[in-house]
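Chain by chain, the residues:
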Amino acid sequence: MAGHHEHDHHHAHGPAGFGRAFAIGTALNLGFVLLEGTAGFLTDSVALLADAGHNLSDVLGLLVAWAGVELAKRPASKRFTYGLRGSSILAALTNSVLLLVAVGAIAWEAIGRFSDPPAIAGGTVMIVAGLGIVVNLSTALLFARGRKSDINIRGAYLHMAADAAVSAGVVIGGGLILLTGSEWVDPAVSLVIVAVILWSTWGLARESLTMVLQAVPEGIDADAVRNTLANLPGVARVHDLHIWPMSTTEAALTAHLVMPDGHPGDAFLIDLQHRLAHDFRIDHTTVQIELGEGAECRMHGDAHG
């Protein structure tokens with residue numbers, strides 16, 4: 001059997017330029033949480049308190065995402081041979097859990113308020129929530145350019161964009177209270193907030209959980225990868241093919257290629273590495289070349305064998 005391991009060390013570090021965005025976004029949202037929470041207590045508005053609680057969870061989420069980004073930059077060590085790239089995946093999962101906890105708290109409080117809704121200062125609610133639109137939309141724009149390449153950055157972007165929409169809903173609720181005098185509008189708006197958060201969080205939770213479980217990253221067609229490998233010149237069979245996320249921006253692949261005519265040479269492997277990176281955004285490739293003798297007994301590890 002002839003073996004060769006080819007490693008591509010050219011990795012995409014999508015979040016590398018977002019340190020300033022995280023710092024500005026965290027400061028803006030922390031200041032707004034203090035303002036909105038104070039206004040919520042003074043006006044006894046559960047909608048404002050709910051939105052403040054959600055924004056506080058987003059501050060924590062931004063800090064977690066920021067920590068994940070910074071840890072992912074750490075170099076490999078003898079113990080962590082891939083470095084700490086996986087921390088960005090854990091950060092994305094933590095973000096989704098924080099949001100789901102916030103959803104439960106908001107829904108519980110809002111439902112309780114329906115039976116005895118307090119008097120609400122609609123004008124104050126509208127002013128504070130209007131400021132929230134500006135803060136949240138400004139923060140979302142800080143992460144807009146990275147939302148397509150990194151689930152961690154996309155999580156931050158979606159949270160802020162959803163918060164801008166939620167604040168707009170609170171403004172509408174305050175206006176309806178002023179127009180109709182119906183205090184039940186406030187907890188009703190809170191439940192709308194819950195629905196918006198759930199909608200924006202579900203995809204993040206699902207994708208981050210599948211990453212933790214080392215599923216094939218979204219956007220990579222495993223069958224297409226297998227066909228690409230199987231159709232290479234001299235390849236008789238592909239087995240033990242595994243594709244998994246190393247971080248929120250990087251994917252890795254290992255595979256055994258059965259090539260009865262012998263080792264194809266380094267040029268073949270370098271070309272394969274570049275092709276997988278270009279066509280499938282697989283950044284780290286390890287390939288083992290086999291002549292086919294005794295390969296059948298090792299195929300038990302291939303889920304697609």
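Treat the numbers as computed from the prediction; the structure is a model and nothing was measured.

## Side note on unusual backbone geometry
Positive phi is not limited to glycine here, since Q214 has a value of about 60°. In this fold, Q214 is placed in the loop between α6 (185–212) and α7 (222–230). For Q214, a relative accessible area of 52% corresponds to the exposed category. The backbone of R281 sits at a positive phi, close to 55°, despite the residue not being glycine. With respect to the helices, strands and loops of the structure, R281 is situated in the loop between α8 (266–280) and β3 (284–290).

## Topic: a nonpolar patch on the surface
Side chains of L30, L56, L60 and L63 sit close together on the surface and give an oily, nonpolar patch of about 320 Å² of accessible area. With three residues, the single largest contributor to the nonpolar patch is helix α2 (residues 46–72). Residue position: L63 is located in helix α2. The exposure class of L63 is partly exposed, given its relative accessible area of 39%.

## Observations regarding the sheet that holds strand β1 (residues 237–245)
Within the open sheet, the three strands sit side by side as β1-β2-β3. Their pairing is mixed. Two strands close off the open sheet at either side, each with one partner strand: β1 and β3. Pairwise comparison of adjacent strand axes, ignoring direction, gives a mean angle of 10° for this sheet. In this structure, β1 lies alongside strand β2 (residues 251–258), joined through seven bridges in antiparallel fashion.

## Observations concerning α6
The end-to-end C-alpha distance of α6 is 40 Å, a good match for the 40 Å that 28 residues give at a rise of 1.5 Å each. Maximal helix bending in α6 amounts to about 35°, located at T201. Positioned one or two residues after α6, Q214 has a phi angle of 60°, which is positive.

## Some thoughts on the environment of A162
Looking at the element boundaries, A162 is found in helix α5 (residues 151–180). Residues A162 and W199, 37 residues apart in the sequence, show an inter-C-alpha distance of 9.2 Å. If we skip the residues at most four places from it in the chain, A162 touches V196 and S200.

## Regarding α7
Inspection of α7 places V225, R226, T228 and L229 among the buried residues, and these make up the whole buried set. Seen end-on, α7 carries its buried residues on one side only, within an arc spanning 160°. Elements that come into contact with the buried residues of α7 comprise β1, β2 and α8. Sitting at the head of α7, D221 places a side-chain oxygen 3.0 Å from the backbone nitrogen of D223.

## Quick word on the packing of α7 against α8
For the pair α7 and α8, the least separation of the axes is 12 Å and the interaxial angle reads 155°. By the angle class used here, α7 and α8 are roughly antiparallel. Along this stretch, α7 crosses α8, giving a crossing that reads as right-handed. Between α7, through A224, V225, T228 and L229, and α8, the contact on the second element is made entirely by L272, R275, L276 and F280. Looking at the contact of α7 with α8 residue by residue, the class counts come to six nonpolar, one polar and one charged.

## Quick look at the environment of H242
On the secondary structure map, H242 appears in strand β1. Residues H242 and A255 lie 13 residues apart in sequence; the distance between their C-alpha atoms is 6.4 Å.

## Describing the packing of α5 against α6
Direction vectors running N to C along α5 and α6 enclose 170°, while the axes themselves pass 9 Å from each other. Relative to α6, the element α5 lies roughly antiparallel. Here I151, R154, G155, L158, H159, A162, V166, G169, V170, G173, L176 and I177 of α5 come into contact with α6, specifically with V185, D186, V189, I193, V196, S200, L204, E207, S208 and M211. For the contact of α5 with α6, the residue count by class is 13 nonpolar, six polar and three charged.

## Observations concerning the confidence of the model for the protein chain
Of all residues in the protein chain, 87% have pLDDT values of 70 or greater, and the mean over the chain is 81. A low-confidence stretch, residues 1–15 stays under pLDDT 50, and its non-local contacts, those more than four residues away or across chains, total 50 contacts. Below pLDDT 50 for its whole length, residues 295–305 participates in 21 contacts with residues either more than four positions away or in separate chains.

## Let's talk about the environment of V46
As for its placement among the helices and strands, V46 is situated in helix α2. Sequence spacing of V46 and A110 is 64 residues, and the spatial spacing of their C-alpha atoms is 6.9 Å. Excluding residues that lie within four positions of it along the chain, V46 makes contacts with E109, R113, D186, P187 and S190.

## What about the pairing of β2?
Summarising burial for β2: seven of the eight residues are buried, a large majority. Bridging between β2 and β3 involves seven bridges; their strand directions are parallel. Directly across from L257, in β3, lies its bridge partner I289. Crossover handedness for the path β2 to α8 to β3: right-handed.

Procedures and definitions
Residues numbered from 1 in each chain as written. Predicted model: local features only at pLDDT ≥ 70, side-chain atom pairs only at ≥ 80, totals over all residues. Heavy atoms only, no water. Helix = DSSP H or I, 4+ residues; strand = E, 2+ residues; numbered from the N terminus. Buried < 20%, exposed > 50% of the residue type's maximum accessible area, 1.4 Å probe, protein only. Patch = residues over 30% accessible without salt bridge, like charges linked within 9 Å, V, L, I, M, F, W, Y side chains within 5 Å. Areas by Shrake-Rupley, 256 points an atom, 1.4 Å probe, with all protein chains shown as cover. Salt bridge = Lys/Arg side-chain N within 4 Å of Asp/Glu carboxyl O. Pairing = 2+ DSSP bridges. Axes fitted to C-alpha atoms, helices over the stretch in contact; angles between N-to-C directions. Expected span 1.5 Å × (residues − 1). Bend = angle between axes of the 7 residues up to and from the residue. Contact = heavy atoms within 4.5 Å. Arc of directions from axis to C-beta. Polar contact = N/O pair within 3.5 Å; in protein donor to acceptor, adjacent residues only side chain to side chain. Parallel < 35°, antiparallel > 145°, perpendicular 65-115°, else oblique. Left-handed = near helix turned anticlockwise from the far one by under 90°. Nonpolar A, V, L, I, M, F, W, Y, C, P; charged D, E, K, R; others polar. pLDDT = per-residue confidence, 0-100. Right-handed = clockwise from strand over helix to strand, strands pointing away.

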